[in-house]
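Chain residues, written in single-letter form:
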Amino acid sequence: MTDPIDLTLSSDEESPPDDPPQPQPQPQPQRRGRRRGDQPQPDLGMIVPVNVDEREQEVNLPTPTLTNNDTDEGLKPSTTSGTGLWDLWTRNFKSPLFALLDLIDNSVDAALLQKGCKSDIPGRVQIYRDVYKHGRHSYTTGLCIRNNSMNKITSLDLALNHLFSSDKVTPNTIGENGVGMKQAAASLSDMTFVLVKNGSNEELELGIIAKVLQNEVGCFLPCFKFNDLKNLSKKMTEMFKQSQYASVAKCVAEYGKVTTDGVPSLDKGIERLCKHYEDICKKFHDNPYVFEVILDKVHDRNSKQASRAKDKQATVAEIMKTLQNDIPMRYLHIDDTFKFSVGKKELTFRYWQERLVEFTQIVVPVRSKTPWHEDFATDMPDQYDLRIFLGFDRFRIAESDVEPETGIKKANKQCSLYIYSRMSGRMILREKDCRVRLRLNAGGTDFCQALTVIIDDVDGHLPVNPTKQDVVFSNQSQGGDTHEENLYTMVRTVVAFYYTHHKKKYGGKKNILTSKISQFVDRELPDGMKSCANCKLTTYEAFWNQTNTNMIRVDHSKVVEEPGVDTVFRLLEDKTLKSPGRTARKRKPPPTKTNSNPEAEEELEATDKKRSKKDTKRHSPTAMRSTPRRAAGRPKKYGDDFNDNGKSDSEDTSSEERGDNVKKSKSVGKSCLDLCLSSDDESESRYGKKSRNPKIISPGPKGKESNEALENRIDELEIENSILKAKTETLQEELKAAKRNIRMLEREIQRAEE
């Protein structure tokens, strides 16, 4: 294999090296004329004379690029198939929107100001159409994403040529022009140009990600450096007319082909690239570091339509409209100083502030390796704080439950889960109904008031897949399953507390809660709403306890709500409605004896004696029992107290002794209750550490019985019942699917027999 070509032009070189002798092109068979429908032939003379390899039948196959190597020998030519790698890149994203978001992540992370850094230059991201103007006509050929950077940009020689690594300068960022940039570019376009201004107008770089440059021998992602903006067009022409860069020149000439029936032109392609560099240096003159991606002829690879030219070619106007509506929801921590524009529209990132009623912020501790129930009240080294936002979506609760066109019911008011990650707050996961995931009651209308749960992993503790489309705990080196269990256990506790707290404001009636939330649908928004990163939202101070069944319960009697000034829509308590608390049944008082009627007293004493005789006969060991005695080996039921002889304790005691035992048990029970109450107060003062605002991480005493022990037990049983119901529903759906498959197989067998 020949030595790799040095594709960079250093700033010290005043002119490119002398051109090698040009070989004569092989003669092509002449046609007598052009058939109807043929495309006009490109002016190859405008590019350079080219060589044609008879074995490969491709123009100037480039030398493989350099890839990352961990050995001490340095960088070596890649043996990776370029065509195979390109096909792999095009299959990594679920939709073109996710591929675009990956490129936008790179821009946002570069333009955001890092923690501890100071700069007077605001972050800027611009997404606009790539338009070529010719006279009175203008042609849209693609999409451009441009941004400034707070730090020096990684050289394209490293960003493009390291195919399998994506080392982040800052670990808290979601993307910095690594592997994801190449994958996203390949998914959206067959040819992408990357432009960089890295310090001044004399430090310019150009990279090309093109499908036509890939071959079975290796992956070819060329990059070039230029040191003079004024003579940029001249230097590009001199370089791309060299025979070794003929394949690159072909890509630039294709960029100069503005219309579908146009002719590739190298001069026009260089003119368009130079115009982008001029805009970068002019419009971002106060920014030393600028990055831009040009996606030429954007298309949708997931389209299954037959006509590629009409259906698979995604229009830039539709993409721009989608981004204008979708991006404000995709990012959580972009503040007002950040300038983000899509086309001519300036975006504001106040999506959730404008939608959520009782917008609340709660912080909980999550362990990444240690199970949450081990030393529950103790801080662990692997513990971190996780911020959770909650609220009721005032727009979603007003949506119809039925599709207007088809009449099919749709689920749009269930509890929804959103997971955002890293410093920019990029949305990673969205689940419309998360009740099963969080092990909440999934039956009926519980948690169906458009409740929205937002997990804000701002410090980047959750493991994210390379394309930022899901949270993958299996990527964690150790303790991934434990981390997942700890996360969703804490989130479930917060969600159950939040929902119950607001439901109790209206007597526990879900229909009243729904109507109260619906009142905010047409409410006008106040002026000067802040971004989510700068909001002061409602929070709570509360204590929670670990139950004997390894569950977490919040003590609602000691919850302190701290309203936030930026929580615009509030749910006020209706004091006329009583909360559905569980109260003990009152026993009827025994009839009082009066001396006014001595005859009645005698009759009452006589009846009491008869009753006592019946009781002694009923409980006599030799008398006939009204209920069958427990058989040998039958398990002992709750409330059955039998001695060693197989008889109940009440059978061996007289009525007077039983009366004394009842009195003793009442006195002992009362003393135990007083002891529990005193121990709860002592344990609260000993363990009940109040959390710092806005946390809800104050654990109560472990294993202590509280006054609400019975209520907690009932809640636990209800949750277990809901889990069983959810599993039952899942099994029923699987059973229905199996029955359908059996019927289909029976029909096929009948058809085959006929």
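Keep in mind it's a predicted model, so treat the numbers as computed, not measured.

Caption draft 1: Spotlight on the overall build of the protein chain. A tally of regular secondary structure across the protein chain gives 15 helices and 20 strands. In the structure as shown, the protein chain presents an accessible area of about 43300 Å², 49% of it carried by carbon and sulfur atoms.

Caption draft 2: Examining the packing of helix α5 (residues 232-240) against helix α7 (residues 266-283) more closely. With their axes 10 Å apart at the nearest point, α5 and α7 run at an angle of 140 degrees to one another. On the basis of their axis angle, the class for α5 and α7 is oblique. α7 is crossed by α5, and the crossing has right-handed handedness. In this structure, α5 uses Leu232, Ser233, Met236, Thr237 and Phe240 to contact α7, whose residues at the interface are Leu266, Ile270, Leu273, Cys274 and Tyr277.

Caption draft 3: Layout of the side chain of arginine 355. On the secondary structure map, arginine 355 appears in helix α10 (residues 351-355). On the accessibility criterion, arginine 355 (15% relative accessible area) is buried. With residues up to four places along the chain from it excluded, the contact list for arginine 355 reads Phe392, Asp393, Arg394, Phe395 and Arg396.

Caption draft 4: Highlighting the pattern of salt bridges. Per the stated rule, a full pass over the model turns up 21 salt bridges. The salt bridge involving glutamate 292 is made with arginine 146; its shortest N-O contact spans 3.0 Å. Taken as a pair, glutamate 292 in strand β8 (residues 289-296) and arginine 146 in strand β4 (residues 137-148) lie far apart in primary sequence, 146 residues in all. The exposure class assigned to arginine 146 is buried, which follows from its relative accessible area of 1%. Residue lysine 297 pairs with aspartate 296 through a salt bridge whose shortest N-O separation is 2.9 Å.

Caption draft 5: Fine view of the environment of valine 568. Take valine 568: it is sitting in the loop between β19 (560-562) and α13 (598-618). Taking relative accessible area as the criterion, valine 568 reaches 32% and is therefore assigned partly exposed. Taking C-alpha positions, valine 568 is 9.8 Å from arginine 355, a pair spaced 213 residues apart along the chain. Dropping the residues within four chain positions of it, valine 568 is found in contact with Pro526 and Met529.

Caption draft 6: Fine view of the packing of aromatic side chains. According to the stated counting rule, one finds 17 aromatic pairs in the structure shown. When the ring of tryptophan 86 is compared with that of tryptophan 89, the centres are 6.2 Å apart and the planes differ by 55 degrees; the resulting orientation is tilted. Of this pair, tryptophan 86 and tryptophan 89 both sit in helix α1 (residues 82-89), three residues apart, which is roughly one turn of that helix. For tryptophan 86, a relative accessible area of 2% puts it in the buried group. Note on phenylalanine 338 and phenylalanine 340: the rings are 6.4 Å apart at their centroids and 35 degrees apart in plane angle, and the pair reads as tilted. The pair phenylalanine 338 / phenylalanine 340 is uniform in exposure class, with both members buried. Joined through ring pairs, the aromatic side chains of Tyr331, Phe338, Phe340 and Phe349 make up one cluster. Its end group placed over the ring of phenylalanine 284, arginine 124 keeps NZ or CZ at 4.0 Å from the ring centre. The side chain of arginine 272 reaches across the aromatic face of tyrosine 255, ending 4.1 Å from its centre.

Caption draft 7: Region of the structure containing a positive patch on the surface. Side chains of Lys736, Lys739, Arg740, Arg743, Arg747 and Arg751 sit close together on the surface and give a patch of like positive charge. Within the secondary structure, lysine 739 sits in helix α15 (residues 709-753).

Caption draft 8: Spotlight on unusual backbone geometry. Residue lysine 297 is not a glycine yet carries a positive backbone phi of 55 degrees. Considering the arrangement of structural elements, one finds lysine 297 in the loop between β8 and α8 (308-312). Even without being glycine, glutamate 358 reaches a positive phi, approximately 55 degrees. Relative to the elements of secondary structure, glutamate 358 occurs in strand β11 (residues 356-367).

Caption draft 9: Inspection of the sheet that holds β11 at higher detail. Reading across the sheet, the five strands line up as β11-β12-β15-β13-β14 and stay open at both edges, with mixed pairing between neighbours. With partners counted over all chains shown, the strands left at the sheet margins are β11 and β14 (426-431), one partner each. On average, each strand axis in the sheet is tilted by 20 degrees relative to the strand beside it, whichever way the strands run. By the bridge criterion, 10 bridges tie β11 to strand β12 (residues 383-393) in an arrangement that is antiparallel. Counted as the bridge partner of leucine 356 is aspartate 393 from β12. Running over the sheet, helix α9 (residues 316-330) touches β13 (416-421) and β14 and is turned about 95 degrees from β14.

Caption draft 10: Representation of α9 in the model. If you check α9, its first and last C-alpha atoms are 20 Å apart, about what 15 residues at 1.5 Å a residue would give, namely 21 Å. Helix geometry: α9 is bent most strongly at glutamine 324, by close to 30 degrees, with proline proline 328 lying one to four residues after it. For α9, the set of buried residues is Val316, Ile319, Met320, Leu323, Asp326, Ile327, Pro328, Met329 and Arg330.

Caption draft 11: Structural detail: the sheet that holds strand β9 (residues 339-342). Taking strand neighbours across the sheet as the criterion, the eight strands line up as β7-β6-β5-β8-β4-β3-β9-β10 in an open arrangement whose pairing is mixed. The sheet is open, and its two edges are formed by β7 (223-226) and β10 (345-346), each paired on a single side. By the bridge criterion, four bridges tie strand β3 (residues 124-134) to β9 in an arrangement that is parallel. The residue bridging arginine 124 from the neighbouring strand is lysine 339, located in β9.

Caption draft 12: Quick peek at the pairing of β3. Where β3 meets β4, 10 bridges bridge the pair, whose relative direction is antiparallel. Looking at β4, one finds that tyrosine 132 is bridged to tyrosine 139. Counted along the chain from β3 to the antiparallel partner β4, the turn is two residues long, and its residue glycine 135 has a positive phi close to 70 degrees.

Caption draft 13: Structural view of the confidence of the model for the protein chain. On average, residues of the protein chain carry a pLDDT of 74, and 67% of them reach 70 or more. For the protein chain, the element scoring lowest by mean pLDDT is strand β1 (residues 66-67), at 35; strand β15 (residues 451-457) scores highest, at 95. Below pLDDT 50 for its whole length, residues 1-77 participates in 112 contacts with residues either more than four positions away or in separate chains. Within the model, pLDDT remains below 50 along residues 582-587, and this stretch shows four contacts once partners closer than five positions in the same chain are excluded.

Caption draft 14: A look at the nonpolar core. Judged by nonpolar contacts, the single largest core of 51 residues is most densely connected at Val364, Phe392 and Val495. Looking at this core, the elements with two or more residues in it are β11, β12, β13, β14, β15, α11 (480-503), α12 (510-518) and β18 (552-554). With residues near it in sequence (within four places) discarded, valine 495 still touches Leu390, Cys415, Leu438, Leu440, Phe447, Leu451 and Val453.

Caption draft 15: Looking closely at the environment of leucine 525. Secondary-structure assignment places leucine 525 in the loop between α12 and β16 (539-541). Judged by its relative accessible area of 33%, leucine 525 falls in the partly exposed class. C-alpha of leucine 525 to C-alpha of phenylalanine 569: the two residues are 44 residues apart in sequence and 9.4 Å apart in space. With residues up to four places along the chain from it excluded, the contact list for leucine 525 reads Glu354, Arg394 and Phe569.

Caption draft 16: The arrangement of helix α6 (residues 246-255) in detail. Among the 10 residues in α6, eight count as buried, and that is most of the element. Looking only at α6, the buried set comprises Ala246, Ser247, Val248, Ala249, Cys251, Val252, Ala253 and Tyr255.

What counts, and at which threshold
- Residues numbered from 1 in each chain as written.
- Predicted model: local features only at pLDDT ≥ 70, side-chain atom pairs only at ≥ 80, totals over all residues.
- Heavy atoms only, no water.
- Helix = DSSP H or I, 4+ residues; strand = E, 2+ residues; numbered from the N terminus.
- Areas by Shrake-Rupley, 256 points an atom, 1.4 Å probe, with all protein chains shown as cover.
- Axes fitted to C-alpha atoms, helices over the stretch in contact; angles between N-to-C directions.
- Parallel < 35°, antiparallel > 145°, perpendicular 65-115°, else oblique.
- Left-handed = near helix turned anticlockwise from the far one by under 90°.
- Contact = heavy atoms within 4.5 Å.
- Buried < 20%, exposed > 50% of the residue type's maximum accessible area, 1.4 Å probe, protein only.
- Salt bridge = Lys/Arg side-chain N within 4 Å of Asp/Glu carboxyl O.
- Phe/Tyr/Trp six-rings, centres within 6.5 Å; stacked < 30°, edge-to-face > 60°.
- Lys NZ or Arg CZ within 6 Å of the ring centre and 35° of its normal.
- Patch = residues over 30% accessible without salt bridge, like charges linked within 9 Å, V, L, I, M, F, W, Y side chains within 5 Å.
- Lys, Arg positive; Asp, Glu negative; His and termini not counted.
- Charge placed at Lys NZ, Arg CZ, Asp CG, Glu CD.
- Pairing = 2+ DSSP bridges.
- Expected span 1.5 Å × (residues − 1).
- Bend = angle between axes of the 7 residues up to and from the residue.
- pLDDT = per-residue confidence, 0-100.
- Core = buried A, V, L, I, M, F, W, Y, C linked by side-chain atoms within 4.5 Å.

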